[in-house]
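# A structural walkthrough
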Amino acid sequence: MTLTVPALRARAARRRRHRPIGVRLAAAFLLVVAGTGLLAPVIAPHSPDATSLMNSLAPPGTPGHWLGTDSTGRDVLTRVVYGARLSLLAPLGVVLLSAVLGVATGLVAARAGGRVDAVLSRCMDIVFAFPSLLLAMIAVAVFGPGLAAPVCALAISYAPFLGRIVRSVALQEGARPYMEAYRVMGFGELWVTLRHLLPNVAPVLIAQGTLSFGYALVDLASLSYLGLGVRPPDADWGSMISQAQSAILQGAPWSGLVPGLAVLLTVVSVNVIGEHVGGSISGHGREET
(Lines give C-alpha, C1' and ligand atoms only; values in the text may rest on other atoms or scores of the structure.)
Protein backbone atom coordinates (compact mmCIF):
# COMPACT_ATOMS: atom_id res chain seq x y z
CA MET A 1 0.00 0.00 0.00
CA THR A 2 1.44 3.35 -1.09
CA LEU A 3 0.66 6.05 1.45
CA THR A 4 -0.67 9.42 0.29
CA VAL A 5 1.00 12.69 1.24
CA PRO A 6 -1.69 13.64 3.83
CA ALA A 7 -1.39 10.17 5.40
CA LEU A 8 2.39 10.51 5.63
CA ARG A 9 2.04 13.96 7.23
CA ALA A 10 -0.51 12.64 9.74
CA ARG A 11 1.77 9.74 10.62
CA ALA A 12 4.74 12.10 11.12
CA ALA A 13 2.62 14.31 13.37
CA ARG A 14 1.61 11.33 15.50
CA ARG A 15 5.25 10.29 15.86
CA ARG A 16 6.21 13.80 16.98
CA ARG A 17 3.46 13.87 19.61
CA HIS A 18 4.50 10.51 21.05
CA ARG A 19 8.24 11.17 20.94
CA PRO A 20 9.82 10.38 24.36
CA ILE A 21 11.06 13.30 26.44
CA GLY A 22 14.57 11.82 26.44
CA VAL A 23 14.71 11.98 22.64
CA ARG A 24 13.54 15.58 22.67
CA LEU A 25 16.18 16.54 25.22
CA ALA A 26 18.88 14.73 23.23
CA ALA A 27 17.86 16.45 20.01
CA ALA A 28 17.75 19.85 21.75
CA PHE A 29 21.22 19.31 23.21
CA LEU A 30 22.68 18.34 19.84
CA LEU A 31 21.09 21.38 18.20
CA VAL A 32 22.60 23.63 20.86
CA VAL A 33 26.06 22.06 20.46
CA ALA A 34 25.93 22.25 16.66
CA GLY A 35 24.61 25.81 16.76
CA THR A 36 27.29 27.04 19.14
CA GLY A 37 29.96 25.40 16.98
CA LEU A 38 28.68 27.10 13.84
CA LEU A 39 28.35 30.48 15.56
CA ALA A 40 31.59 30.20 17.53
CA PRO A 41 33.22 33.36 16.10
CA VAL A 42 30.10 35.33 17.06
CA ILE A 43 29.23 33.97 20.50
CA ALA A 44 32.64 32.94 21.89
CA PRO A 45 33.78 35.46 24.53
CA HIS A 46 37.49 35.22 23.65
CA SER A 47 39.87 34.07 20.97
CA PRO A 48 40.52 30.31 21.31
CA ASP A 49 44.29 30.86 21.17
CA ALA A 50 44.50 33.89 23.47
CA THR A 51 46.79 33.03 26.41
CA SER A 52 47.27 34.86 29.68
CA LEU A 53 49.64 33.37 32.23
CA MET A 54 48.27 35.85 34.79
CA ASN A 55 44.91 34.02 34.54
CA SER A 56 46.33 30.51 34.46
CA LEU A 57 43.97 27.87 35.94
CA ALA A 58 41.34 30.44 36.93
CA PRO A 59 38.43 28.56 38.54
CA PRO A 60 34.90 28.45 37.06
CA GLY A 61 32.86 31.53 37.88
CA THR A 62 35.77 33.92 37.37
CA PRO A 63 34.45 37.12 35.75
CA GLY A 64 35.08 36.87 32.02
CA HIS A 65 35.91 33.14 32.28
CA TRP A 66 32.69 31.42 33.38
CA LEU A 67 34.11 27.91 32.96
CA GLY A 68 37.61 28.82 34.06
CA THR A 69 40.89 28.74 32.14
CA ASP A 70 43.49 26.09 31.32
CA SER A 71 47.16 25.98 32.32
CA THR A 72 48.10 28.62 29.72
CA GLY A 73 45.23 30.97 30.58
CA ARG A 74 43.04 30.13 27.59
CA ASP A 75 39.30 30.40 28.18
CA VAL A 76 37.78 26.92 28.55
CA LEU A 77 34.31 27.94 27.38
CA THR A 78 35.71 29.48 24.21
CA ARG A 79 37.80 26.41 23.37
CA VAL A 80 34.89 24.06 24.03
CA VAL A 81 32.68 26.10 21.71
CA TYR A 82 35.32 26.20 18.97
CA GLY A 83 36.19 22.56 19.60
CA ALA A 84 32.61 21.56 18.79
CA ARG A 85 33.32 22.33 15.15
CA LEU A 86 36.01 19.72 14.56
CA SER A 87 34.57 17.34 17.14
CA LEU A 88 31.29 17.16 15.20
CA LEU A 89 32.39 17.70 11.61
CA ALA A 90 35.04 14.98 11.59
CA PRO A 91 32.65 12.21 12.80
CA LEU A 92 30.07 13.47 10.31
CA GLY A 93 32.65 13.04 7.56
CA VAL A 94 33.32 9.49 8.76
CA VAL A 95 29.60 8.64 8.71
CA LEU A 96 28.98 10.12 5.25
CA LEU A 97 32.02 8.49 3.66
CA SER A 98 31.34 5.12 5.30
CA ALA A 99 27.71 5.36 4.17
CA VAL A 100 28.76 5.84 0.56
CA LEU A 101 31.17 2.90 0.72
CA GLY A 102 28.83 0.67 2.71
CA VAL A 103 25.72 1.34 0.63
CA ALA A 104 27.58 0.80 -2.64
CA THR A 105 29.17 -2.42 -1.43
CA GLY A 106 25.97 -3.79 0.13
CA LEU A 107 23.76 -3.01 -2.86
CA VAL A 108 26.21 -4.41 -5.40
CA ALA A 109 26.65 -7.58 -3.34
CA ALA A 110 22.89 -8.07 -2.94
CA ARG A 111 21.93 -7.31 -6.53
CA ALA A 112 24.83 -9.10 -8.26
CA GLY A 113 24.84 -12.23 -6.10
CA GLY A 114 27.00 -15.25 -6.91
CA ARG A 115 30.75 -14.75 -6.98
CA VAL A 116 30.51 -10.98 -6.70
CA ASP A 117 28.52 -11.32 -3.49
CA ALA A 118 30.99 -13.89 -2.12
CA VAL A 119 34.06 -11.77 -2.91
CA LEU A 120 32.59 -8.55 -1.47
CA SER A 121 31.38 -10.39 1.65
CA ARG A 122 34.86 -11.83 2.26
CA CYS A 123 36.40 -8.38 1.78
CA MET A 124 34.05 -6.99 4.42
CA ASP A 125 35.00 -9.85 6.73
CA ILE A 126 38.68 -8.99 6.30
CA VAL A 127 38.10 -5.34 7.21
CA PHE A 128 36.13 -6.54 10.26
CA ALA A 129 39.33 -8.18 11.54
CA PHE A 130 41.05 -4.79 12.01
CA PRO A 131 40.03 -2.67 15.05
CA SER A 132 38.92 0.76 13.85
CA LEU A 133 41.23 2.67 16.20
CA LEU A 134 44.22 0.57 15.20
CA LEU A 135 43.51 1.17 11.52
CA ALA A 136 43.29 4.91 12.18
CA MET A 137 46.61 4.87 14.06
CA ILE A 138 48.26 3.05 11.16
CA ALA A 139 46.90 5.69 8.77
CA VAL A 140 48.35 8.45 10.94
CA ALA A 141 51.71 6.66 11.06
CA VAL A 142 51.77 6.44 7.26
CA PHE A 143 50.31 9.84 6.29
CA GLY A 144 51.15 11.94 9.35
CA PRO A 145 49.03 13.64 12.04
CA GLY A 146 45.84 15.42 11.11
CA LEU A 147 42.20 14.56 10.56
CA ALA A 148 42.16 13.52 6.89
CA ALA A 149 43.91 10.16 7.33
CA PRO A 150 41.97 9.07 10.46
CA VAL A 151 38.64 10.08 8.91
CA CYS A 152 39.32 8.00 5.79
CA ALA A 153 40.62 5.06 7.83
CA LEU A 154 37.62 5.06 10.19
CA ALA A 155 35.24 5.35 7.23
CA ILE A 156 36.78 2.24 5.68
CA SER A 157 36.58 0.48 9.05
CA TYR A 158 32.91 1.37 9.58
CA ALA A 159 31.79 0.68 6.00
CA PRO A 160 31.41 -3.12 6.47
CA PHE A 161 28.92 -2.59 9.31
CA LEU A 162 26.70 -0.56 7.01
CA GLY A 163 27.46 -2.82 4.04
CA ARG A 164 26.34 -5.97 5.84
CA ILE A 165 23.12 -4.31 7.02
CA VAL A 166 22.35 -2.87 3.59
CA ARG A 167 23.06 -6.23 1.93
CA SER A 168 20.71 -8.03 4.32
CA VAL A 169 17.87 -5.53 3.87
CA ALA A 170 18.41 -5.41 0.10
CA LEU A 171 18.16 -9.19 -0.14
CA GLN A 172 14.91 -9.14 1.83
CA GLU A 173 13.44 -6.32 -0.27
CA GLY A 174 14.65 -7.90 -3.50
CA ALA A 175 12.55 -10.98 -2.78
CA ARG A 176 9.31 -9.03 -2.34
CA PRO A 177 6.59 -9.24 -5.01
CA TYR A 178 6.77 -5.58 -5.98
CA MET A 179 10.42 -5.96 -7.00
CA GLU A 180 9.57 -8.89 -9.26
CA ALA A 181 6.69 -6.89 -10.70
CA TYR A 182 9.05 -4.10 -11.74
CA ARG A 183 11.34 -6.60 -13.42
CA VAL A 184 8.44 -8.13 -15.33
CA MET A 185 7.40 -4.65 -16.45
CA GLY A 186 10.83 -4.26 -18.04
CA PHE A 187 12.43 -1.72 -15.70
CA GLY A 188 16.24 -1.92 -15.50
CA GLU A 189 18.05 -3.16 -12.40
CA LEU A 190 19.75 0.21 -11.81
CA TRP A 191 16.43 2.11 -11.98
CA VAL A 192 14.69 -0.34 -9.65
CA THR A 193 17.59 -0.24 -7.20
CA LEU A 194 17.88 3.55 -7.03
CA ARG A 195 14.18 4.38 -7.31
CA HIS A 196 12.61 1.73 -5.08
CA LEU A 197 15.17 -0.42 -3.27
CA LEU A 198 17.42 2.34 -1.90
CA PRO A 199 14.55 4.34 -0.29
CA ASN A 200 13.48 1.22 1.61
CA VAL A 201 17.04 0.71 2.85
CA ALA A 202 17.39 4.36 3.94
CA PRO A 203 15.66 4.09 7.37
CA VAL A 204 18.00 1.30 8.49
CA LEU A 205 20.95 3.27 7.13
CA ILE A 206 19.94 6.38 9.09
CA ALA A 207 19.59 4.43 12.32
CA GLN A 208 23.00 2.78 11.97
CA GLY A 209 24.58 6.05 10.84
CA THR A 210 23.54 7.85 14.02
CA LEU A 211 25.10 5.11 16.15
CA SER A 212 28.27 5.15 14.03
CA PHE A 213 28.54 8.90 14.61
CA GLY A 214 28.93 8.34 18.35
CA TYR A 215 31.58 5.67 17.82
CA ALA A 216 33.48 7.91 15.40
CA LEU A 217 33.38 10.84 17.82
CA VAL A 218 34.90 8.71 20.59
CA ASP A 219 37.56 7.24 18.28
CA LEU A 220 38.61 10.63 16.93
CA ALA A 221 38.65 12.14 20.41
CA SER A 222 40.88 9.25 21.51
CA LEU A 223 43.28 9.93 18.64
CA SER A 224 43.43 13.62 19.53
CA TYR A 225 44.03 12.67 23.16
CA LEU A 226 47.02 10.60 22.01
CA GLY A 227 48.32 13.51 19.91
CA LEU A 228 47.51 11.79 16.59
CA GLY A 229 44.48 13.82 15.56
CA VAL A 230 43.95 17.57 15.61
CA ARG A 231 47.16 19.56 15.46
CA PRO A 232 47.76 22.38 17.98
CA PRO A 233 46.71 25.14 18.32
CA ASP A 234 43.41 23.96 16.82
CA ALA A 235 40.91 23.02 19.51
CA ASP A 236 38.90 19.86 19.76
CA TRP A 237 37.55 18.09 22.81
CA GLY A 238 40.02 15.19 22.75
CA SER A 239 43.09 17.43 22.57
CA MET A 240 41.67 19.63 25.35
CA ILE A 241 41.41 16.59 27.64
CA SER A 242 44.99 15.63 26.81
CA GLN A 243 46.32 19.14 27.49
CA ALA A 244 44.44 19.24 30.82
CA GLN A 245 46.33 16.31 32.38
CA SER A 246 48.88 18.49 34.15
CA ALA A 247 46.14 20.83 35.40
CA ILE A 248 44.21 17.87 36.84
CA LEU A 249 47.30 16.83 38.80
CA GLN A 250 47.49 20.39 40.15
CA GLY A 251 43.94 20.19 41.47
CA ALA A 252 42.30 22.11 38.61
CA PRO A 253 40.18 19.49 36.81
CA TRP A 254 37.73 21.84 35.08
CA SER A 255 39.84 22.33 31.94
CA GLY A 256 39.53 18.58 31.26
CA LEU A 257 36.16 17.94 32.88
CA VAL A 258 34.21 20.32 30.65
CA PRO A 259 35.33 18.83 27.28
CA GLY A 260 35.00 15.35 28.77
CA LEU A 261 31.37 16.07 29.67
CA ALA A 262 30.83 17.47 26.18
CA VAL A 263 32.03 14.20 24.63
CA LEU A 264 29.95 12.12 27.05
CA LEU A 265 26.70 14.05 26.63
CA THR A 266 27.06 14.26 22.85
CA VAL A 267 27.64 10.53 22.46
CA VAL A 268 24.75 9.70 24.81
CA SER A 269 22.44 12.09 22.93
CA VAL A 270 23.38 10.63 19.55
CA ASN A 271 22.86 7.08 20.82
CA VAL A 272 19.46 7.96 22.30
CA ILE A 273 18.33 9.36 18.97
CA GLY A 274 19.84 6.42 17.09
CA GLU A 275 18.03 3.88 19.25
CA HIS A 276 14.77 5.80 18.85
CA VAL A 277 15.14 5.89 15.07
CA GLY A 278 16.02 2.20 15.00
CA GLY A 279 13.00 1.31 17.11
CA SER A 280 10.72 3.38 14.87
CA ILE A 281 11.74 1.67 11.65
CA SER A 282 9.33 -1.26 11.88
CA GLY A 283 5.90 -0.17 10.74
CA HIS A 284 7.10 3.21 9.45
CA GLY A 285 8.96 2.03 6.38
CA ARG A 286 7.99 2.88 2.84
CA GLU A 287 5.49 0.27 1.62
CA GLU A 288 5.17 -0.88 -1.96
CA THR A 289 2.80 -3.06 -3.90
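The model shown is predicted, which means the values in this text are computed figures rather than measured ones. (Residues numbered from 1 in each chain as written. Predicted model: local features only at pLDDT ≥ 70, side-chain atom pairs only at ≥ 80, totals over all residues. Heavy atoms only, no water.)

Helix and strand counts for the chain stand at 12 helices and zero strands. The N-to-C order of helical and strand elements in the chain reads α-α-α-α-α-α-α-α-α-α-α-α. Expressed as a percentage of its 289 residues, the buried residues of the chain come to 41%. Long-range contacts, defined here as pairs at least 24 residues apart, represent 72% of the contacts in the chain between residues at least 6 apart. (Helix = DSSP H or I, 4+ residues; strand = E, 2+ residues; numbered from the N terminus. Buried < 20%, exposed > 50% of the residue type's maximum accessible area, 1.4 Å probe, protein only. Contact = heavy atoms within 4.5 Å.)

So, about the nonpolar core. Core analysis: the largest hydrophobic core is formed by 22 residues, its most contacted members being Val76, Val80, Phe213, Leu217 and Trp237. Contributions of two or more residues to this core are made by helix H2 (21-38), helix H4 (76-112), helix H9 (189-225), helix H10 (237-243) and helix H12 (254-280). Sort the elements by how many residues they give to this core and H12 lands first, with seven residues. Listed in part, the 15 residues of the second largest apolar core include Val169, Tyr178, Tyr182 and Leu205. (Core = buried A, V, L, I, M, F, W, Y, C linked by side-chain atoms within 4.5 Å.)

Okay, the side chain of glutamine 208 next. Along the polypeptide, glutamine 208 turns up in helix H9. Discounting chain neighbours no more than four positions away, the residues touching glutamine 208 are Phe161, Leu162 and Ile165.

Our next topic: the packing of helix H6 (residues 132-143) against helix H7 (residues 148-174). Relative to each other, H6 and H7 sit at 145°, their axes nearing to 8 Å. Of the two possible hands of crossing, H6 and H7 adopt the one that is right-handed. In contact with Ser132, Leu135, Ala136, Ala139, Val140 and Phe143 of H6, H7 contributes Ala149, Pro150, Ala153, Leu154, Ser157 and Tyr158. For the contact of H6 with H7, the residue count by class is 10 nonpolar, two polar and no charged. (Axes fitted to C-alpha atoms, helices over the stretch in contact; angles between N-to-C directions. Left-handed = near helix turned anticlockwise from the far one by under 90°. Nonpolar A, V, L, I, M, F, W, Y, C, P; charged D, E, K, R; others polar.)

Right, let's get into the packing of helix H5 (residues 114-128) against H7. In the contact formed by H5 and H7, the axes pass within 9 Å of each other and the chain directions differ by 140°. Between H5 and H7, the angle is such that the two are oblique. When the axes of H5 and H7 are compared, the crossing they make is left-handed. Two secondary-structure elements touch here, H5 through Asp117, Ser121, Met124, Asp125, Val127 and Phe128 and H7 through Ile156, Ser157, Pro160, Phe161, Gly163, Arg164 and Arg167. (Parallel < 35°, antiparallel > 145°, perpendicular 65-115°, else oblique.)

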